[in-house]
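These are the residues of each chain, in order.
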Amino acid sequence: MDNLNIIVLAGGQSTRFAPLKNKLSYPFLGKSLLEIQFQFLKKLRSKKIFVVANELNFDDFCRFQRENPIISTVMQAGTGMAGAAMSALKEIDDLDSVLVLNMDDFFDDSLILGLSKRMEAALKKKQGLLTGLWKEKYFPGGYLVLDKKGKVTGVVERPGEGNEPSKYVKMVCDFFYSAKIFRQALVEAKTEKDDQYEVAVGNLMKKKEIFDLFEYRGRWETIKFPWHVLGVMDFFLSKIKGQQIASDVVMAKSAVIKGDVVIESGSKIFEGAVINGPVYIGKNCIIANNALVRHSMVGDGCVIGFATEVARSYLLGNVWLHKNYVGDSVFENNVSLGSNVVTGNLRLDETNVLVKVKEQNVDTGLNKLGAMIGSDVRVGIGAMLMPGIKVGAGSFIGPGVIIGGEVEENSYVVVKQELKTSENRISVKEVSREKFKKQLK
Amino acid sequence: MDNLNIIVLAGGQSTRFAPLKNKLSYPFLGKSLLEIQFQFLKKLRSKKIFVVANELNFDDFCRFQRENPIISTVMQAGTGMAGAAMSALKEIDDLDSVLVLNMDDFFDDSLILGLSKRMEAALKKKQGLLTGLWKEKYFPGGYLVLDKKGKVTGVVERPGEGNEPSKYVKMVCDFFYSAKIFRQALVEAKTEKDDQYEVAVGNLMKKKEIFDLFEYRGRWETIKFPWHVLGVMDFFLSKIKGQQIASDVVMAKSAVIKGDVVIESGSKIFEGAVINGPVYIGKNCIIANNALVRHSMVGDGCVIGFATEVARSYLLGNVWLHKNYVGDSVFENNVSLGSNVVTGNLRLDETNVLVKVKEQNVDTGLNKLGAMIGSDVRVGIGAMLMPGIKVGAGSFIGPGVIIGGEVEENSYVVVKQELKTSENRISVKEVSREKFKKQLK
Amino acid sequence: MDNLNIIVLAGGQSTRFAPLKNKLSYPFLGKSLLEIQFQFLKKLRSKKIFVVANELNFDDFCRFQRENPIISTVMQAGTGMAGAAMSALKEIDDLDSVLVLNMDDFFDDSLILGLSKRMEAALKKKQGLLTGLWKEKYFPGGYLVLDKKGKVTGVVERPGEGNEPSKYVKMVCDFFYSAKIFRQALVEAKTEKDDQYEVAVGNLMKKKEIFDLFEYRGRWETIKFPWHVLGVMDFFLSKIKGQQIASDVVMAKSAVIKGDVVIESGSKIFEGAVINGPVYIGKNCIIANNALVRHSMVGDGCVIGFATEVARSYLLGNVWLHKNYVGDSVFENNVSLGSNVVTGNLRLDETNVLVKVKEQNVDTGLNKLGAMIGSDVRVGIGAMLMPGIKVGAGSFIGPGVIIGGEVEENSYVVVKQELKTSENRISVKEVSREKFKKQLK
């Protein structure tokens, strides 16, 4: 669409993503999320893509912009979605149309075709579009209210199960046929709360501007909390079809590769290792003897050591494991676990794992969730990581420590054992064990 | 034998079996002990089998009785063996003969043929029979005293090694040719202690009633203490001959099945798993990657997870393991161990494992003994279970806990670590590890 | 050489070798160090080999002497190298020549040929020889000072990096063409410190006796500290060429043997085990299911149990492992680790491992170093052994203990956990896990 401008909201502070950082640099299937998102957005063939950035990611976007002239990075000026949108709208022609999206939302390619057609039609009819994600089960988001003709008449935030006004959860994927009208509505919206954007859209509806429902039934993933990385991982793992193994990958005869798998150049798979797809293995990894990797992404330079299992986990890169179990976990770069360190990923009572985020316990909705560990962390032998724990970047955890909550960045945690030493007067000779040896056959 | 009545003693409270329960429901080779015992007893072709039950198992027996009209369940009235026998004798004709057995004793089929013949002969001669288990080594039980003609003249309880009056330990497998005489002896036996039954038999001997020795040289197992389950397991494992693997069992190419093995329908064996017989695997089990099961029974619905070893252990059903070692242990239903939980099964000093039973330390006679765990127990990651420990049903054990004794039912045990957290000023870069990577080949 | 006498210094007390003992009895490739050294020395075709012994090893040497008449064992009389040399010199003819060597130094065979030729030439020219090990990088030893003609003019102890007077570190491999002159120099050397030997050599130089450099560029290993066993192990592992597997070794089909390997008679290799050379496996060992042994020596009678990794380690004999990781470690005889015991072999900060030796922290120069454990030690399940720790002979370590320093001989170390037990009111049914089971495929 010749006059379509996309505004991508990327100015949030991502504090809820701690202890993980800089999520747009996270690689999936060998590409960073940044690359992946712009490749996706380019398919909408817009005039321009405005990225509303913050101080932390502004430079990243600018670097990317150099090779992608369709992109224009603007620094977020005001607060909230309204502030973000306004920062970009300043540079958009009055007569152009606008699509507002979140940098952190991931949709299927099926969105592209449907949305393109609907936007063209809406433009002709001078209507807006609001995107509704069809949800069979209740989801704690904003639900679209529809009139009999299927037009959107409002949004109800978290109505509670059974009170949903429709089956559609509102996504941030909003089409405005006129930049001018959209800008004016934002300027005129008055509110005490941080909902200027929503009030503006509400006011437009009151002024009889029509917002049609754009129904989306594909997969949607977002990445606010650290465990959301696992949802996005699933999203990309499901795109692997068949086995794509680089020609220089060295594989032992007794190694087994099953299911849909990508293994990048320079990686080695040792005896008895099993890779049970969907799995992505990055460059220069070692999957050592008797290791098992299933339903996971293992980034560049990782060593999955002897007798280690990695299940449903995302390891960004340069992670060293050895005789570990890592389940339902997210590790950033340069993390090393000593022998026998394990992640608990299921509470004893088997209820959903809760994670403290900014002093609040958040129900992750996940029955199984392991550890979320920032970059440059070392964990000593035999340490135990409880379900849903977070370890900040640059921390060292001593041997035998049980981590039950959150470890702040650059912490050194050790356990002080009360040892009792006495004289041992009993001696045990090696012959005592001959009978046990006979049991072994 | 047309007029033979079997009285099966099943009215004991089984308190010494704690933390395990309801042993008669324990399956071996796919059948409950209840079924197994009655199948065995039916081979004696008696007129009737009277089971003397208690409040806990009365209903189980009655259910079983419905499909097995030869069985008659009676509630135990008085105390001890005498009370039990009297409860059944009320319903037995004066002219009938009686065989008294324990529900908890397991004999070879070799007992059937020999005993049948001997009982017929004894009936004709109007004699009783007492069963003596031939023991080469001293056993802490009651020993039969024999006269020169091989008639039993008495019983000596625990004579101590070297003082045995014969090589025969008395089993509860007593034949009385006349129900009337037996009943009368019980009624007339006077004693202060809980030995009315033994006094009655002694009195009969004094009255010149003859009790011949019935010599038994086969295998005998009983099931009083929880670790006795392992002896009974061995007893039944030795009956497996060859490999009986259900046709729908899915097995990875690299899995290995050795020795005498039964694998029931619906089970799956993953890559690198080894099943080293004698082993029984129940229905719908998963023996996961690189797991090792040897000399064990794994009941229905168990998951023997990645890199787990199960050795010489009985898992009743629905047990979940993952990176564990379970050795010489008995687990009931729905027990789950977190990653890296291990059972210790050998003391550091390698002497026999002692177990506290009702405030008394009992020498199990076993050099190797692991954990005995009731139903519905959850154990957190990295917990350590010392040799011979007991965990009551419904308990949760936290991560990293060392269990050294007995955990009561429905307990929640956690360890409180003294952690010391300081600032970590050292940073370790991933490049430091390139040299280690080169060592891996 | 007809008149050459070798003096082998073996009278040191080896206290720095603790917790290990009696290093000369350590077997490498099936022979004790004692045997190995004398086989080596015999190649020098001397008239006699005098071993200067101490109270602890005198008898061992005498036993060995019986079958090796070229050897003569003398008890060390005075202190230091001078005292040791004097003890032997008493029995050496005045006109004979003398080579002084350390029992604990290991050289390549390349030393033999070169040294023999040089000694013959030196004898003719009436000169001595001092041996210099060519070192590219700085080494904290004594450096030879050379004049323009390549004669040795002195020795500088630990000059510090950049201040080396030459590239040659002085070895104890000193040739004296005249026993008489050598003896006289020792007698006349006056010093307050323990350096009478060095002063004597220095005085000879002052008296214009010539000492030529004998340059040695081969491998040298010594064995003062316990971790030096690993260097000597490497030295001997590098001598294995190809695979020498005794004909009676039983090996599972799925076991893998790679690289240069010796496996002695009576050993068994189970399913999924990998032996990744260079590796030496002694007699009657069991390498159990899924075990991995690499770059190690496993002495007679060891059991490397299920899912255990042994890497770059020396196990003297009768060591029992089970689900362990043993890396960069030295274990003496009859050591047993419970399930899940692991050795840490890398500090969290990845700097060199320090070891306390006689109250002083010694920098081992090793980035990776595990545990050094004396004979007859038992370690309970789940114990954690930190990098560079030492456990004295005859000690027991309880389950879950973290060993961070040195455990004295015959100690019994246990950890006292603070447990909190409460009532558990939550029950978890087995059905909850059906969904997890579906994930397994």
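*Asks:* I'm lost on the overall build of chain A in this one. Help?
*Replies:* When helices and strands are counted, chain A shows eight helices and 41 strands. Once the C-alpha set of chain A is aligned to its principal axes, its extents read approximately 95 × 50 × 40 Å. For chain A, the proportion of contacts with a sequence separation of at least 24, taken over those separated by at least 6, is 47%.

*Asks:* Looking at this structure, I do not really get the pairing of strand 1 (residues 4-9) of chain C. What am I missing?
*Replies:* Two faces belong to every sheet, and in a regular strand the side chains alternate between them. Residues and elements named next belong to chain C. Buried residues dominate strand 1, accounting for six of its six residues. Side chains Leu4, Ile6 and Val8 of strand 1 all project onto a buried face; the interleaved residues Asn5, Ile7 and Leu9 project onto the opposite face, where all are buried too. Alignment of strand 1 against strand 6 (residues 97-102), held across six bridges, turns out to be parallel. Across the sheet, the residue bridging to isoleucine 7 is valine 100, located in strand 6. Relative to strand 4 (residues 48-53), strand 1 runs parallel, the two sharing five bridges.

*Asks:* Any chance you could explain unusual backbone geometry here in plain terms?
*Replies:* Glycine aside, negative phi is the norm for most residues, and most peptide bonds take the trans geometry. The omega torsion of the bond from glycine 277 of chain B to proline 278 of chain B falls at 10°, within 30 degrees of zero and hence cis. Within the fold, proline 278 of chain B resides in strand 20 (residues 274-281). A positive phi angle, near 55°, is found at lysine 323 of chain A, a position not held by glycine. Inspection of the secondary structure puts lysine 323 of chain A in the loop between strand 26 (320-321) and strand 27 (325-327).

*Asks:* Could you clarify how one ought to interpret the environment of glutamate 409 of chain C in this entry?
*Replies:* All names here are of chain C. By secondary structure assignment, the location of glutamate 409 is in the loop between strand 39 (406-407) and strand 40 (411-415). Since 18 C-beta atoms lie within 10 Å of it, glutamate 409 is described here as partly exposed. Here the alpha-carbon distance between glutamate 409 and alanine 18, two residues 391 residues apart in the chain, equals 9.9 Å. Residues in contact with glutamate 409, not counting those within four places in the same chain, are Gly374, Gly392, Ala393, Gly394 and Ser395.

*Asks:* Explanation requested: the confidence of the model for chain A in the structure shown.
*Replies:* Caution is warranted with low-pLDDT regions, since their predicted coordinates should not be read in detail. When pLDDT is averaged across chain A, the result is 95; 99% of the residues are at 70 or more. As scored by the predictor, the complex reaches a pTM of 0.94 and an ipTM of 0.92.

*Asks:* Can you help me understand the pairing of strand 22 (residues 292-298) of chain A in this one?
*Replies:* All names here are of chain A. Taking burial as the measure, the seven residues of strand 22 include seven buried ones, the bulk of the element. Pairing of strand 20 (residues 274-281) with strand 22, which is carried by six bridges, proceeds in the parallel orientation. Counted as the bridge partner of isoleucine 281 is valine 298 from strand 22. Summarising the sheet, strand 22 and strand 25 (residues 314-317) pair through two bridges and their orientation is parallel. Residue pairing for strand 25: valine 298 is matched across the bridge by leucine 315.

*Asks:* Explain the interface of chain B and chain C here, please?
*Replies:* In many reports, interface size means the accessible area that the parts give up when they come together. Across the boundary between the two partners, chain B contributes 41 residues, which contact 36 residues of chain C. It is strand 40 (residues 411-415) of chain B that contributes the most residues to the side of chain B that touches chain C, five residues altogether. Residue classes in the side of chain B that touches chain C are distributed as 22 nonpolar, 15 polar and four charged. Examined bridge by bridge, strand 40 of chain B and strand 41 (residues 419-423) of chain C share five bridges and lie antiparallel to one another. Paired with serine 411 of chain B across the strands is glutamate 423 of chain C, a residue of strand 41 of chain C.

*Asks:* I'm lost on the relation of the copies chain B and chain C in this one. Help?
*Replies:* The relation between the two chain copies is a rotation about an axis coupled with a shift along that axis. For the pair chain B and chain C, the superposition axis carries a translation of 0.0 Å, the fit reaches an RMSD of 0.1 Å, and the rotation angle comes to 120°. As the rotation angle and translation indicate, the two copies are arranged about a three-fold axis.

*Asks:* Can you walk me through the environment of leucine 366 of chain A in this structure?
*Replies:* Residues and elements named next belong to chain A. Relative to the helices and strands, leucine 366 resides in the loop between strand 32 (360-363) and strand 33 (372-373). Assessed through the 19 C-beta atoms surrounding it within 10 Å, leucine 366 is described here as partly exposed. Along the sequence, leucine 366 and alanine 53 sit 313 residues apart, while their C-alpha atoms lie 31 Å from each other.

*Asks:* How should I be thinking about the domain arrangement of chain A in this particular structure?
*Replies:* All names here are of chain A. Each domain of chain A was delimited in the assignment, giving domain 1 (4-221) and domain 2 (235-413). Relative to domain 2, the C-alpha centre of domain 1 lies at a distance of 33 Å. On the side of domain 2, 19 residues touch domain 1, which itself brings 13 residues to the contact. For the side of domain 1 that touches domain 2, the residue count by class is seven nonpolar, two polar and four charged.

*Asks:* Sorry, what's going on with the nonpolar core here?
*Replies:* The nonpolar side chains of a soluble globular protein tend to be buried with one another. Counting 441 residues, the largest nonpolar core has Val8 and Ile287 of chain A, Val8 and Ile287 of chain B together with Val8 and Ile287 of chain C as the members making the most contacts within it. Beyond its immediate chain neighbours, meaning those up to four positions away, isoleucine 287 of chain C contacts Ile269, Phe270, Ala273, Ile275, Ile281, Val293 and Ile304 of chain C.

*Asks:* Explain the interface of chain A and chain C to me, please; I cannot follow it from the model alone.
*Replies:* Listed per partner, the contact involves 36 residues of chain A and 41 residues of chain C. Residue contributions to the side of chain A that touches chain C peak at five residues, all from strand 41 (residues 419-423) of chain A. In terms of residue class, the side of chain A that touches chain C is built from eight nonpolar, 16 polar and 12 charged.

*Asks:* What am I meant to see in the packing of helix 3 (residues 80-89) of chain A against helix 5 (residues 179-188) of chain A here?
*Replies:* Any two packed helices are characterised by the angle at which their axes cross and by the distance between the axes. Residue and element names in this part refer to chain A. Running from N to C, helix 3 and helix 5 cross one another at 140°; their axes reach a closest spacing of 10 Å. Regarding the angle of helix 3 to helix 5, the classification is oblique. The handedness of the crossing between helix 3 and helix 5 comes out as left-handed. For the pair helix 3 and helix 5, contact is made by Ala82, Ala85, Met86 and Leu89 and by Ala179, Phe182, Arg183 and Leu186, respectively.

*Asks:* What is the right way to read helix 3 of chain A from this model?
*Replies:* Because each turn of an α-helix spans 3.6 residues, side chains separated by three or four positions end up pointing in the same direction. Counting buried positions along helix 3 of chain A gives eight out of 10 residues, so the element sits mostly inside the fold. Residues of helix 3 of chain A that are buried make contact with strand 1 (4-9), strand 4 (48-53), strand 5 (71-75), strand 6 (97-102), helix 5 and helix 6 (196-206) of chain A.

*Asks:* Looking at this structure, I do not really get helix 6 of chain A. What am I missing?
*Replies:* Residue and element names in this part refer to chain A. For helix 6, the set of buried residues is Gln196, Tyr197, Glu198, Ala200, Val201 and Leu204. Of the surrounding elements, those touching the buried residues of helix 6 are helix 3, strand 10 (152-157) and helix 5. Note on helix 6: the residue one or two positions beyond its end, lysine 208, has a positive phi of about 65°.

What counts as what
Every chain is numbered independently, its residues counted from 1 as its sequence is written. For naming, the first written chain is A and the first written ligand is 1, with later ones following in the order written. This being a predicted model, a pLDDT of at least 70 is required before a residue's local features are given, and a value of 80 or more before pairs of side-chain atoms are given or counted; all residues contribute to the totals for chains, interfaces and linings. Runs of H or I in DSSP of at least four residues are treated as helices and runs of E of at least two as strands, each being numbered from the N terminus. Throughout, a pair of residues is in contact if the C-beta atoms placed from their backbones lie within 7 Å. Whether a residue is buried, exposed or partly exposed is read from the other C-beta atoms within 10 Å of its own C-beta, which are placed from the backbone; 20 or more gives buried, 12 or fewer gives exposed, and intermediate counts give partly exposed. Pairing between two strands is assigned when DSSP locates at least 2 bridges connecting them. The predictor attaches a confidence to each residue, and that confidence, scored 0 to 100, is pLDDT. Residues are grouped as follows: nonpolar covers Ala, Val, Leu, Ile, Met, Phe, Trp, Tyr, Cys and Pro; charged covers Asp, Glu, Lys and Arg; every other residue, Gly included, is treated as polar. For the least-squares superposition of copies, only C-alpha atoms count, and only for residues with pLDDT at least 70 in both. These domain boundaries are the output of an automatic or database domain assignment. Joining buried Ala, Val, Leu, Ile, Met, Phe, Trp, Tyr and Cys residues through C-beta atoms within 7 Å gives a set, and that set is a nonpolar core. Helix axes are fitted only over the stretch in contact, all axes being lines through C-alpha atoms; the angle between N-to-C directions runs from 0 to 180 degrees. Any angle between 65 and 115 degrees counts as roughly perpendicular, while under 35 counts as roughly parallel, over 145 as roughly antiparallel, and the rest as oblique. Two helices cross in a left-handed way if the nearer one is turned anticlockwise from the farther one by less than a right angle. They cross in a right-handed way if the turn is clockwise.

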